[in-house]
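Topology and contacts: notes
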Amino acid sequence: MHRLGWMVRTSAALCCGTVAVSGCGDGERPASPATTAAQRLDLGVVGIDARIGDHQALGSGFVIDGGRGLVLTAAHSVWGARSLKLTTGLGVLHGRIVARAPCDDLALLELYPRIPGLAALPTAPVGSSGDQLLRSLGRRRTDPGVAAAAIASIPVRTTSVAQTSGAGLPLPRAGIPLDSPLVPEISGGPVVDPANRLVGMAEAMGAPGAASPAVAVPWAQVKRRLDELRPGPRTVYVGWAAQYRCVGRQNAYARAMHPGYRDRDARLNAPIAPTRIPGTEGVEG
């Protein structure tokens, strides 16, 4: 199997007003003429329900490879998760962690079972302006009586004002500050331009249900991390072992945010690079 990086072929920039962005998986393929922009988002934005300790943690993510059922999200949203349910436009599926980068706060998830129809978002072209209004997307239940999580859209702009998380876990250094706070349910979701093209990933690390400062991690930064991955034993991905120097701060955040969290819930599985959660050892893709 080729490196995961071959899935990503296009790039764009939006840093200092321009963020670097690259497509992943089938994101560069044009949508079917019958697929509207809203439908494309519905097939690419994922809601994440993680059971961490005694707490239900909600976050978001987005499809980066529909064929392989791969979803990208923020590592802190699933750190120590004993179960994962992923809400997609095609229904609620189970998920498992197949790679984590604690320092950069990234986690790669795999949908189970794999179903056809999900699609990666198209990526913004080179030269996208950071001065335009962007949107941070995720899935969020706005009505307690409704089981399905609808796509939430928060207007945002990039800013030069440095942001600091008040939750004790530093926001990714590669992130570009956003001018609007975000709730944790949106963290890990995509940031898109006015044409619904991917420019980065949103990161917010507040207490459950509370809005907090946020950044957009440029897609080019994420792509570089994805390029480091390679298929490992038992259908996980390896290559992020050096990132595990930051396990301590992820554990500290999880203990502070999720009652009943235990460090062993996120323990590392030697000799394989630590990419699995307890309970998934016998699950094959």
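Everything here concerns the structure above.
So, here's what we can say about the structure. (Residues numbered from 1 in each chain as written. Predicted model: local features only at pLDDT ≥ 70, side-chain atom pairs only at ≥ 80, totals over all residues. Heavy atoms only, no water.)

**Details of the layout of surface pockets**
There is about 380 Å³ of room inside the largest pocket. As for the largest pocket, its lining consists of 22 residues, and the residues nearest its centre are Cys103, Asp104, Pro172, Arg173 and Ala174. Mapped by element, the contributors of at least two residues to the lining of the largest pocket are α3 (219-228) and α4 (247-257). Top element by residues in the lining of the largest pocket is α3. It accounts for four residues. In terms of residue class, the lining of the largest pocket is built from twelve nonpolar, three polar and seven charged. In this model, the second largest pocket occupies a volume close to 210 Å³. Every residue lining the second largest pocket is counted, 17 residues in all, and those nearest its centre are His55, Ala57, Leu58, Pro184 and Pro208. For the lining of the second largest pocket, the elements supplying multiple residues, two or more each, are β4 (55-65), α2 (75-78) and α4. The element best represented in the lining of the second largest pocket is β4, accounting for five residues. Residue classes in the lining of the second largest pocket are distributed as eight nonpolar, eight polar and one charged. (1 Å grid on protein atoms, 1.4 Å probe; cavity = no way out; pocket = protein on both sides within 12 Å on 5 of 7 lines; lining within 4 Å. Points joined across faces, edges and corners; volume = space filled by probe spheres on them. Helix = DSSP H or I, 4+ residues; strand = E, 2+ residues; numbered from the N terminus. Nonpolar A, V, L, I, M, F, W, Y, C, P; charged D, E, K, R; others polar.)

**Some points on the state of the cysteines**
The full count for this structure, using the stated rule, is one disulfide. Note that Cys103 is cross-linked by a disulfide to Cys246, the S-S spacing being 1.9 Å. Torsion about the S-S bond of the Cys103 and Cys246 cystine: about 90 degrees, corresponding to right-handed handedness. With Cys103 in the loop between β7 (91-101) and β8 (106-112) and Cys246 in the loop between β16 (237-238) and α4, this residue pair connects regions lying 143 residues apart in the sequence. (Disulfide = S-S within 2.5 Å.)

**With respect to helix α1 (residues 37-44)**
It helps to recall that an α-helix has 3.6 residues per turn; residues three or four apart then point in one direction. Residues of α1 that are buried include every one of Arg40, Leu41, Leu43 and Gly44, and no others. The buried residues of α1 occupy one face: seen down the axis, they fall within an arc of 165 degrees. (Buried < 20%, exposed > 50% of the residue type's maximum accessible area, 1.4 Å probe, protein only. Arc of directions from axis to C-beta.)

**Describing unusual backbone geometry**
With an omega dihedral of 0 degrees, the bond running from Tyr112 to Pro113 counts as a cis peptide bond. The phi torsion at Asp105 lies on the positive side, around 55 degrees, for a residue other than glycine. In this structure, Asp105 sits in the loop between β7 and β8. In the Ramachandran plot, Asn196 falls in the positive-phi region, its phi being about 65 degrees despite a non-glycine side chain.

**Details of the sheet that holds strand β5 (residues 70-74)**
Pairing in this closed barrel of six strands is antiparallel, and the strands run β3-β4-β5-β8-β7-β6 around the ring. Taken over all neighbouring pairs, the strand axes of this sheet differ in orientation by 40 degrees on average, direction set aside. Direction of pairing for β7 relative to β8: antiparallel, over a ladder of seven bridges. Bridging from a neighbouring strand, Ala101 pairs with Leu106 of β8. Lying over the sheet, α1 contacts β3 (45-52), β4 and β6 (81-88), oriented at roughly 25 degrees with respect to β3. (Pairing = 2+ DSSP bridges. Axes fitted to C-alpha atoms, helices over the stretch in contact; angles between N-to-C directions. Contact = heavy atoms within 4.5 Å.)

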